[in-house]
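Examination of the molecular architecture
Now for the letters of each chain:
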Amino acid sequence: MADYDLAIIGGGLNGASMARDAAGRGLRVILLEQGDLGAAASSATPRMIHGDLSVLERRGFLRVRAALAERNTWLKIAPHLVRPMRFAIPAHSGERPPWLLRSALLLYDRLASQPGLPASATVDVTHHPIGNALKRPFGTAFEYSDCMVDDSRLVVLSAVDAAVHGAEICTGARCVRADRGDIWRLVVIDRGRRRVFTARALAVAAGAWSLTVAENVLRQPPPRAAATQVNQIVVRRLFETDNVYVFQHSDRRLIFASPYERDFTLIGTASRAFKGDPAIVAMDASDIAYLCDAANRYFRERVEPSDVVRTVSGANLVLQPADRDGSIMFNARGGKAPMVTMLGGDVTTSRLRAERAVSHLTPFYAMSPRWTATAPLPGGDFAWDRFDQEVDSARERWRFLTEPQAQRLVGAYGSRLADVLGDARDRTDLGPGFGPELTGAEVRYLMSHEWARFPDDILWRRSKLGLTLPSQDKEALAAFMAASR
Ligand SMILES: Cc1cc2nc3c(=O)[nH]c(=O)nc-3n(C[C@H](O)[C@H](O)[C@H](O)COP(=O)(O)OP(=O)(O)OC[C@H]3O[C@@H](n4cnc5c(N)ncnc54)[C@H](O)[C@@H]3O)c2cc1C
C-alpha cells in the first residue's frame, strides 16, 4: 500500500487549495513546498476576488457570472480575509465613453446573481470624498462592488485547513524525483534530509517551475507554456477613502490603486513576458515608470519611481495558446498512476478549479462529496457583514488593542484570534514586541500553527508588517525565532 493517496508538488494557492479539497474528501495527502507556502506567484496577485471587468469587455459573460458566484462563496467561507470594497472608475474623456462604463456595470450587477453587495452607481466626484485625491478635470466616476483578499494568508489558511483534515504539510521540502509505475515513488530533500515515499496519485502545482519539474523531476516533455510576470508597486498612502480606484491607462489596460496595509497604496498590475529563475522575479525601471504614469494620469499627488517602497512581482506559466482561465491536465494512461497538473488561473476561481482537479481522482478512490464551498476556512466562522462587530468584540476582550491593531488581527485570524492572544490582559503578557505591532505570542503561534520558520515568512506572507518594521527589530525577531525553534 502506498504511503499517501495524493502527493502534491507546490505550496502556492493551487497546491494548497488541492490539499484542502482532497484532505477533506478523505484522501491521505502530503503537500511538498520547496520554500515557504505562497512565497511565489500566490503572494504577488492583484489581491482581488472579482468577476473581472476586462473579461466582461471581452464578452466572457459566463466566466464573469461563475467568478461572481465564487465571490459570494469566498465572502461566506473567508469573511476575515475577503473584504467587500467599493471600486471607482473615473470617467476619462480620452478613454471608454461613460455610457459604455455605466452599461457594463449594470450588466456586472445583473451577473452577480445573489445580491448582497451594493449595486453600481454614478458619482459626482466634485461632491464626493473619492474626488479628493483625483485631479481637477474628473467630474464623474462609476462605483461598483467587488472584494479584496489577503492572497498569501489565503494560501496559508488553506494549508491549515488541509492539515486540520489530516494532510501533512512540508515546507522547505523540494521534490527532486518522481517515478511513475502503478504508484508514484517520490524523492524529496526535506530540510536537508533525503526522504523517499510512495503515493497513489500525484498533483503538480509548481507554477512557473512547472517546466523544470516536468523535465527534471518527472522526466517528461514539458507543457507548451510561456512564463509571464505580474508587477505591482507599493507607495505611501495616496488617498484617505476606503475604496479601490480603477484607472484606464492610455493602452486601455485597467490599473488598480488599492489601500494596502493601512499606510500604503498598492498600484498594479503590469505584466510582461518572463525569462529566468522564478525564484528571482524583479521589476525593471520601465515597469515601475508604467505604473507611476498610470497613477499620475489621475491622482493629484504625483508618484515618482523614488516613492516606491516595495515592488511585488511574481511569475507563472500560461499554457499556449494563452489560456487565461488556467489549466487542469489529467492523465492516467495505460494503468499508470494518475497525475493531475494545475497551472495558472486566478485567485477568485482557485477553490473551484482545485475542486475540479481533485474530482478527476473520483474513479480511483472512494471520496466523500465536494465540501469546500460551504465550510469556512479556519477562523472564518462568522458572517461577512459582521466583521466590524468581530473587531469590536476583540477590543472588548483585549482592551489594550487599538482599533487598527484589532482590525489587522481579526482580518488575519478571525475567530481564531483567541488562540493567538489567549487570556492576555496587557500587551506585556504577549512577550517581547517587534516594532509597534508584532508580539512574541503572535510569532510563536505562527511558528507552531502556520509553519513560519524565518522572519520573512511572518513579515511578508503571514502579515505585511515588514513594511513598517525597523531593521533592528528584524534582527531581534530572527534571534527570537531561532531561540523558539
Ligand atoms: C500573467 C498572469 C496574470 C495573473 N493575473 C492574475 C489576476 O489578475 N488575478 C489573480 O487573482 N491571479 C492572477 N494570476 C494568478 C496568480 O498569480 C497565480 O497563478 C495563482 O496564485 C496560483 O499560483 P500557483 O499556485 O500555480 O503558483 P505559485 O504560487 O508560484 O506556487 C508554485 C509553488 O511551487 C513550488 N515548487 C516548485 N517546484 C517545486 C518542487 N520541485 N518541489 C516543491 N515545491 C516546488 C514553488 O516554490 C512555489 O511556491 C496571474 C498569473 C499570471 C501568470
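Every chain's residues receive numbers from 1 upward, in the order its sequence appears when written. Local features in a predicted model are, by the rule used here, given only for residues with pLDDT of at least 70; side-chain atom pairs are given and counted only at 80 or more, and totals for whole chains, interfaces and linings are based on all residues.

1. Considerations on the environment of Met48
Here Met48 is to be found in strand 3 (residues 48-49). Along the chain, Met48 and Met148 lie 100 residues apart, while their C-alpha atoms are 4.6 Å from each other. Contact between residues is assigned whenever the C-beta positions, reconstructed from backbone atoms, fall within 7 Å. Apart from residues no more than four positions distant in its own chain, Met48 is found in contact with Asp146 and Met148. A run of H or I in DSSP counts as a helix once it spans at least four residues, and a run of E counts as a strand once it spans at least two, with each numbered from the N terminus.

2. Description of the packing of helix 12 (residues 440-449) against helix 14 (residues 471-484)
Note on definitions: angles span 0 to 180 degrees between N-to-C directions of axes, and those axes are lines fitted to C-alpha atoms, for helices only across the stretch in contact. At a minimum axis distance of 11 Å, the contact between helix 12 and helix 14 shows a crossing angle of 50°. Regarding the angle of helix 12 to helix 14, the classification is oblique. Handedness of the crossing formed by helix 12 with helix 14: right-handed. Seen from helix 12, the contacting residues are Gly440, Val443, Arg444 and Met447; seen from helix 14, they are Leu477, Phe480, Met481 and Ser484. Three residue categories are used. Nonpolar comprises Ala, Val, Leu, Ile, Met, Phe, Trp, Tyr, Cys and Pro, charged comprises Asp, Glu, Lys and Arg, and polar comprises the others, including Gly. Of the residues belonging to the contact of helix 12 with helix 14, the class tally is 5 nonpolar, 2 polar and 1 charged. Roughly parallel means an angle under 35 degrees; roughly antiparallel, over 145; roughly perpendicular, 65 to 115; everything else is oblique. In this scheme, a crossing is called left-handed if the near helix is turned counterclockwise away from the far one by less than a right angle; it is called right-handed if the turn is clockwise.

3. A few points about the pairing of strand 8 (residues 173-180)
When DSSP finds two or more bridges between a pair of strands, those strands are recorded as paired. Where strand 8 and strand 9 (residues 184-190) come together, 7 bridges link them in antiparallel fashion. Bridge pairing in strand 9 places Arg177 opposite Val187. The antiparallel hairpin formed by strand 8 and strand 9 contains 3 residues in its connecting segment.

4. Let's talk about the domain arrangement of the protein
Looking at the protein, the domain boundaries give domain 1 (4-42 + 153-224 + 321-359), domain 2 (44-150 + 226-319) and domain 3 (384-484). Here the C-alpha centre of domain 3 lies 28 Å away from the C-alpha centre of domain 2. Counting residues at the interface gives 10 residues for domain 2 and 8 residues for domain 3. These domain boundaries are the output of an automatic or database domain assignment.

5. Some remarks on the site of the ligand
Each residue receives a C-beta atom placed from its backbone. It is near a molecule or strand if this atom lies within 6 Å of it. The immediate surroundings of the ligand are formed by 38 residues, with Gly10, Gly12, Ala40, Gly207 and Asn316 found nearest. A class-by-class count of the residues in the shell around the ligand yields 18 nonpolar, 17 polar and 3 charged. Residues lining the shell around the ligand come from more than one domain, with at least three contributed by each of domain 1 (4-42 + 153-224 + 321-359) and domain 2 (44-150 + 226-319).

6. Side note on helix 1 (residues 13-24)
With 12 residues, helix 1 should cover 16 Å at 1.5 Å per step; its first-to-last C-alpha distance of 16 Å lies within 8% of that length. With respect to burial, helix 1 is a largely interior element, 12 of its 12 residues being buried. Three classes are used. A residue is buried when 20 or more other C-beta atoms lie within 10 Å of its own, exposed when 12 or fewer do, and partly exposed in between, with C-beta atoms placed from the backbone. All buried positions along helix 1 are accounted for by Leu13, Asn14, Gly15, Ala16, Ser17, Met18, Ala19, Arg20, Asp21, Ala22, Ala23 and Gly24. Residues of helix 1 that are buried sit in contact with strand 1 (4-9), strand 2 (29-33), helix 5 (151-164), strand 10 (193-204), strand 17 (339-343) and helix 8 (350-359). Where helix 1 ends, the next residue or the one after it, Gly26, has phi of about 100°, a positive value. Here a helix's expected span is defined as the number of its residues, less one, multiplied by 1.5 Å.

7. Things to note about the pairing of strand 4 (residues 82-90)
Bridge count between strand 4 and strand 6 (residues 140-149): 9 bridges; the pairing is antiparallel. Across the sheet, Val82 pairs through a bridge with Val149, a residue of strand 6. Examined bridge by bridge, strand 4 and strand 12 (residues 243-248) share 3 bridges and lie parallel to one another. The partner of Ala88 across the bridge, within strand 12, is Tyr245.

8. Details of unusual backbone geometry
In this structure, Thr269 follows Gly268 across a cis peptide bond, with omega equal to 0°. Here Thr269 is to be found in strand 14 (residues 264-273). Positive phi, close to 65°, is recorded for Arg59, a residue that is not glycine. With respect to the element layout, Arg59 can be found in the loop between helix 2 (53-57) and helix 3 (61-77). On the basis of neighbour count, Arg59 is assigned to the exposed category, with 9 C-beta atoms found within 10 Å.

9. Considerations on helix 12
Burial in helix 12 covers these residues: Glu442, Val443, Tyr445 and Leu446. Taken end-on, helix 12 shows its buried residues confined to a sector of 160°, consistent with a single buried face. Where helix 12 is buried, its residues touch helix 11 (417-421), strand 19 (438-439), helix 13 (455-462) and helix 14. The first or second residue beyond helix 12 is Trp451, which carries a positive phi of 60°. As used here, the arc belongs to the directions running from the helix axis to the C-beta atoms.

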